[in-house]
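Observations on chain architecture
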Amino acid sequence: MWENQKIYRYESIDSTNLEAKRLGESGVSSGCLVVAKRQTAGRGRRGRVWESSFEGNLYFSLLLKPEIPVEQISMLTLVMAMAVAEAAEELSGVELGIKWPNDIVFEGKKVAGILTELHMAAESGRFVIIGAGVNVARQTFAGEIAGKAVSLEEASGSVFSREDLLQGIMGHFERLYRQFCKDGNLCNLKEVYHSKLVNKDAFVKVLDPAGEYEAVALGINENGELLVAPLDEKGQPDREKLQTVYAGEVSVRGIYGYV
Ligand code: BTN
């Protein structure tokens with residue numbers, strides 16, 4: 001699938017997701033990849049800024065035109081999370097986790113984030129952009145992310161190339177994406193995801209706009225939604241009141257912190 005992959009490389013760009021969107025609107029083919037050394041307007045989930053002035057990190061966006069129903073698109077984020085975690089583990093030798101749905105973490109601190117966006121273009125039709133930012137080299141995290149983020153080099157104590165990491169991610173993603181497209185859901189990838197899910201069987205705070213509550217996260221279903229058992233008045237998970245949490249609307253935190 002990635003043979004002859006078209007790669008657009010930039011020293012600096014506003015956002016690789018935005019550039020991929022522009023390329024998508026101009027009709028580039030599925031699989032094209034945008035990579036930048038830094039971003040001047042890096043974007044995170046929920047309208048947040050993704051600080052991207054440091055050149056030692058990896059910032060990329062993959063454009064895809066999957067032939068799947070629109071409601072399956074959000075699952076691609078989880079597929080990319082597995083690919084990033086697997087490739088980064090392979091290269092760095094440290095064990096990483098996934099905080100549902102798509103943060104890559106090391107010992108409770110964020111190593112990478114993923115932003116998936118769906119677009120419609122008048123001429124070229126529907127396309128998806130999956131953007132990822134990975135903290136690679138040692139750096140000082142300031143402001144909001146101070147104490148909450150970590151780089152792969154800091155986690156592992158070794159130095160490695162961003163290019164090798166990118167190649168590794170693409171290789172893992174290709175395999176996982178093929179499986180996902182074949183199944184149309186995560187039924188055959190769920191166990192891999194669970195093996196990395198830091199929230200599995202852990203206490204979480206569900207930040208539902210309709211009202212926050214505490215629960216135990218049991219894992220994901222084949223659609224990538226998080227299954228949680230809300231705590232009863234004794235603080236015990238009530239499995240009879242199982243809830244399905246959809247990532248688009250709700251986020252989760254650890255009861256005592258981010259994970
Ligand atoms: C998150 O909030 O966790 C998602 C962060 C996604 C950041 C990446 S960096 C490359 C791509 N371009 C962007 O503007 N955002 C994504």
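Here the structure is a predicted model, which means the values were calculated and not measured.

Now for helix α2 (residues 75-92). Here α2 is 18 residues long and its end C-alpha atoms lie 26 Å apart, about the 26 Å a rise of 1.5 Å per residue gives. For α2, a buried count of 16 out of 18 residues is recorded, marking the element as mostly surrounded by other parts of the structure. At the C-terminal side of α2, Gly93 shows a positive phi close to 80°.

Attention now moves to the site of the ligand. What surrounds the ligand is a group of 19 residues, the closest being Ser15, Gln39, Arg43, Arg45 and Lys110. With respect to the ligand, the side chain of Lys110 contributes an N or O atom lying 2.7 Å from an oxygen atom. Coverage of the ligand by the protein amounts to 98% of the 410 Å² it exposes when considered alone. Most atoms of the ligand, that is more than half of them, are within 2 Å of grid points of the largest pocket. Secondary-structure elements contributing two or more residues to the shell around the ligand are α1 (16-25), β3 (58-64), β6 (109-121) and β7 (125-134). The dominant element in the shell around the ligand, judged by the number of residues it contributes, is β6, at four residues.

Across a sheet, paired strands are connected by hydrogen bonds in the backbone, their directions being either parallel or antiparallel. Taken in spatial order, the five strands make up an open sheet running β11-β10-β9-β8-β12, and their pairing is antiparallel. Each of the sheet's edge strands pairs with one partner strand only, and the pair in question is β11 (243-245) and β12 (251-254). When the angles between neighbouring strand axes are averaged without regard to direction, this sheet yields 45°. Summarising the sheet, strand β10 (residues 226-230) and β11 pair through three bridges and their orientation is antiparallel. Considered in β11, the bridge of Val228 is made with Gln243.

Reading guide: rules and limits
Here the residue numbers are simple positions, counted from 1 along each chain's written sequence. The predicted origin of the model limits local features to residues at a pLDDT of at least 70 and limits the giving and counting of side-chain atom pairs to 80 or more, whereas totals for whole chains, interfaces and linings rest on all residues. Each side-chain value is worked out from all heavy atoms of the structure, with water and hydrogens disregarded. Numbering of helices and strands runs from the N terminus; a helix is a DSSP stretch of H or I covering at least four residues, while a strand is a stretch of E covering at least two. Between the first and last residue of a helix there are one fewer steps than residues, each counted as 1.5 Å, and that sum is the expected span. Only protein chains enter the accessibility calculation, which uses a 1.4 Å probe; a residue whose area is less than 20% of its type maximum is buried, one above 50% is exposed, and one in between is partly exposed. Proximity is defined per residue: if any heavy atom of the residue lies within 4 Å of a molecule or strand, that residue is considered near it. A 3.5 Å cut-off defines polar contacts: any pair of N or O atoms within that distance qualifies, except that in protein one atom must be a possible hydrogen donor and the other a possible acceptor, and neighbouring residues in sequence count only when both atoms are side-chain atoms. Note on areas: Shrake-Rupley with a 1.4 Å probe; residue coverage comes only from the protein chains shown. Only protein atoms enter the 1 Å grid used here, on which a cavity is any set of points holding a 1.4 Å probe that cannot leave and a pocket is any open set flanked by protein within 12 Å on both sides along at least five of seven lines; residues with an atom within 4 Å of a point are listed as lining. A cavity or pocket is said to hold a molecule if more than half of that molecule's atoms lie within 2 Å of its grid points. Between any two strands, pairing holds if DSSP finds at least two bridges. Between N-to-C directions, angles cover 0 to 180 degrees, with each direction set by a line fitted to C-alpha atoms, over the stretch in contact for helices.

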